[in-house]
Amino acid sequence: MKYRTIGTDPATRREVSVLALGAMLFGSVTDEKTSFAVLDHFVEAGGTFIDTSDNYAYWVGGDLGGQSERLLGKWRRSRGVGDEIVIATKLGAAPLAPGTGFLDNPEGLSAKAVREAAERSRERLGVERLDLLYAHIEDRTVPLRETVEAFGELTAEGTVGLLGASNHAVWRVERARSLAATAGLPGYEVLQYQHSHLRPRYDVPSPLFEDGSLGHAGPELLSYLRAEPALTLVAYSPLLAGAYTRPDKPVPQDYDHPGTPARLAVLREVAAETGADLNQVVLAWQIGNRLPIVPLAGASSVAQLKKNLAAVDLELTEDQRTRLDAAH
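Structure report, in brief. Remember, it's a predicted structure, so these values are computed and weren't measured experimentally. (Residues numbered from 1 in each chain as written. Predicted model: local features only at pLDDT ≥ 70, side-chain atom pairs only at ≥ 80, totals over all residues. Heavy atoms only, no water.)

## Concerning the packing of helix α4 (residues 144-157) against helix α5 (residues 170-183)
What counts is decided by this rule: Convention adopted: a line fitted to C-alpha atoms gives each axis, helices being fitted over their contacting stretch, and angles between N-to-C directions are expressed from 0 to 180 degrees. Here a helix means four or more residues in a row that DSSP labels H or I, a strand means two or more in a row labelled E, and each is numbered from the N terminus. The labels follow the angle: roughly parallel below 35 degrees, roughly antiparallel above 145, roughly perpendicular from 65 to 115, and oblique for the rest. Take the far helix as your reference; a near helix turned counterclockwise from it by less than a right angle gives a left-handed crossing, and one turned clockwise gives a right-handed crossing. Note on contacts: a residue pair qualifies if any of its non-hydrogen atoms lie within 4.5 Å across the two residues. The residue classification treats Ala, Val, Leu, Ile, Met, Phe, Trp, Tyr, Cys and Pro as nonpolar and Asp, Glu, Lys and Arg as charged. All others, Gly included, are polar.
Running from N to C, α4 and α5 cross one another at 60°; their axes reach a closest spacing of 9 Å. Looking at the two axes, α4 sits oblique to α5. Two packed elements cross with a definite hand, and for α4 against α5 that hand is right-handed. On α5, the residues that touch Leu-144, Arg-145 and Val-148 of α4 are Arg-172, Arg-175, Ala-176, Leu-179 and Ala-180. Across the contact of α4 with α5, the residue classes break down as 5 nonpolar, no polar and 3 charged.

Below, the structure written as structure tokens:
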């Protein structure tokens, strides 16, 4: 395994594995036995970075979420896991009532919601401090200063370490970080966005993003990372839910545009040259990127996890990287 540091403050920064394990469906779609086996193998391979959320997976079983955090808490206790494993979680997008969701009835990012959701996550995970806590989605009904101060209070109390944001407009991230800096509070240092080798259309509106996607790592976010070396991008859905390697998983509709065939062609060329599969090339391309990127990939079996882990040791040449970057 290889490692990188996230965060800058010596009191909260952490060394994490360059590949993060997504636990979204653990304890729901992926049963406990399989989830434990995947987690055990990840740790045995040197993995130290696990990702979850307080709303995972509310859409399975019709409850409010929390299955993933509860399973991770049970796994931690059964294995005696301590501070050597970094578990990141998120808040703000859990539904407030069964049958609702993050679009129509989210918990939000008020000071009250942040404090209560963080406490519930600590209880489910069985930890005294959340290693990394993200604001999962925006809440524009609450003043940004209130959210910044709420996160700052938790870090001051020692119940939260690093802070992050996911699926936010870049200008909102920068404004929040500026408010935090002015107030002498810690700001967001880890940004979690959807990012893969294929590039989506960013102009397609959705129920969550009426002006086009704010949840993908587009040119503005990547430029922001280049200008702010203290930030780290955690790239979720890097493998597009299997679309690179599984015939039964078509490329998502927002990737259906003239630039996709050219990037797929180069990806296939590099895979043939290295003897790796397309997923492994995508993960290796992110892990060794000039920008600080940690791919976040889920796994529903140990076999699938082993394939993903093989990407850590896949070294791409400068020529291969240049071709992968430039394809359009």
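## Some thoughts on empty space enclosed by the protein
This is how it is decided: Think of a 1 Å grid over just the protein atoms. A cavity is a set of points where a 1.4 Å probe fits yet cannot get out, a pocket is an open set with protein on both sides within 12 Å along at least five of seven lines, and lining residues have an atom within 4 Å of a point. Grid points are joined across faces, edges and corners, and a volume is the space filled by probe spheres set on the points.
Under the criterion given, the structure shown has 2 cavities of 30 Å³ or more. Taken as a whole, the largest cavity encloses approximately 50 Å³ of empty space. Forming the walls of the largest cavity are Val-148, Phe-151, Leu-163, Ala-176, Arg-177, Ala-180, Pro-186, Gly-187 and Tyr-188. Of all the secondary structure elements, the ones that give two or more residues to the lining of the largest cavity are α4 and α5. Among the elements that make up the lining of the largest cavity, the one with the highest residue count is α5 (3 residues). Of the residues in the lining of the largest cavity, the class split is 7 nonpolar, 1 polar and 1 charged. Its volume calculated, the second largest cavity comes out at about 40 Å³. The residue inventory of the lining of the second largest cavity, partitioned by class, reads 4 nonpolar, 2 polar and 3 charged.

## Re the pattern of salt bridges
Rule in force here: One speaks of a salt bridge when a side-chain nitrogen belonging to Lys or Arg is within 4 Å of a carboxyl oxygen belonging to Asp or Glu. We call a residue buried when its accessible area falls under 20% of the maximum for its residue type, exposed when it is over 50%, and partly exposed in between, using a 1.4 Å probe and counting protein chains only.
Inspection of the entire model under this criterion finds 22 salt bridges. Between Glu-315 and Lys-2 there is a salt bridge, with the nearest N and O atoms lying 2.7 Å from each other. A residue pair is termed long-range when its members are at least 10 positions apart, and Glu-315 in the loop between α9 (302-309) and α10 (318-326) and Lys-2 in the segment before β1 (3-6) qualify at 313 residues. Residue class for Glu-315 comes out exposed when judged on its relative accessible area of 56%. A salt bridge links Arg-323 to Asp-319; the shortest N-O distance between them is 2.7 Å. Placement of both Arg-323 and Asp-319 in helix α10 is noted, with a separation of 4 residues, approximately one turn of the helix. Of the residues examined, Arg-323 reaches a relative accessible area of 23% and is grouped as partly exposed. Connected through salt bridges with shared partners, the residues Glu-269, Glu-273, Asp-319 and Arg-323 form a single ionic network.

## Describing the layout of surface pockets
Reported here for the second largest pocket is a volume of approximately 530 Å³. What lines the second largest pocket is a set of 21 residues, among which Glu-138, Asp-139, Arg-140, Leu-208 and Phe-209 lie closest to the centre.

## Considering the sheet that holds strand β3 (residues 20-22)
Put simply, the rule reads: DSSP calls a pair of strands paired once it identifies at least 2 bridges connecting them.
An order of β3-β4-β5-β6-β7-β8-β9-β10 is seen for the 8 strands of this closed barrel, with the pairing classed as parallel. Neighbour to neighbour, the strand axes of the sheet diverge by 30° on average, direction disregarded. With 5 bridges connecting them, strand β8 (residues 190-194) and strand β9 (residues 232-236) associate as parallel partners. What sits directly across from Gln-194, in β9, is Tyr-236. This element, helix α3 (residues 111-125), spans β5 (86-91) and β6 (130-135) of the sheet and lies at about 145° to β5.

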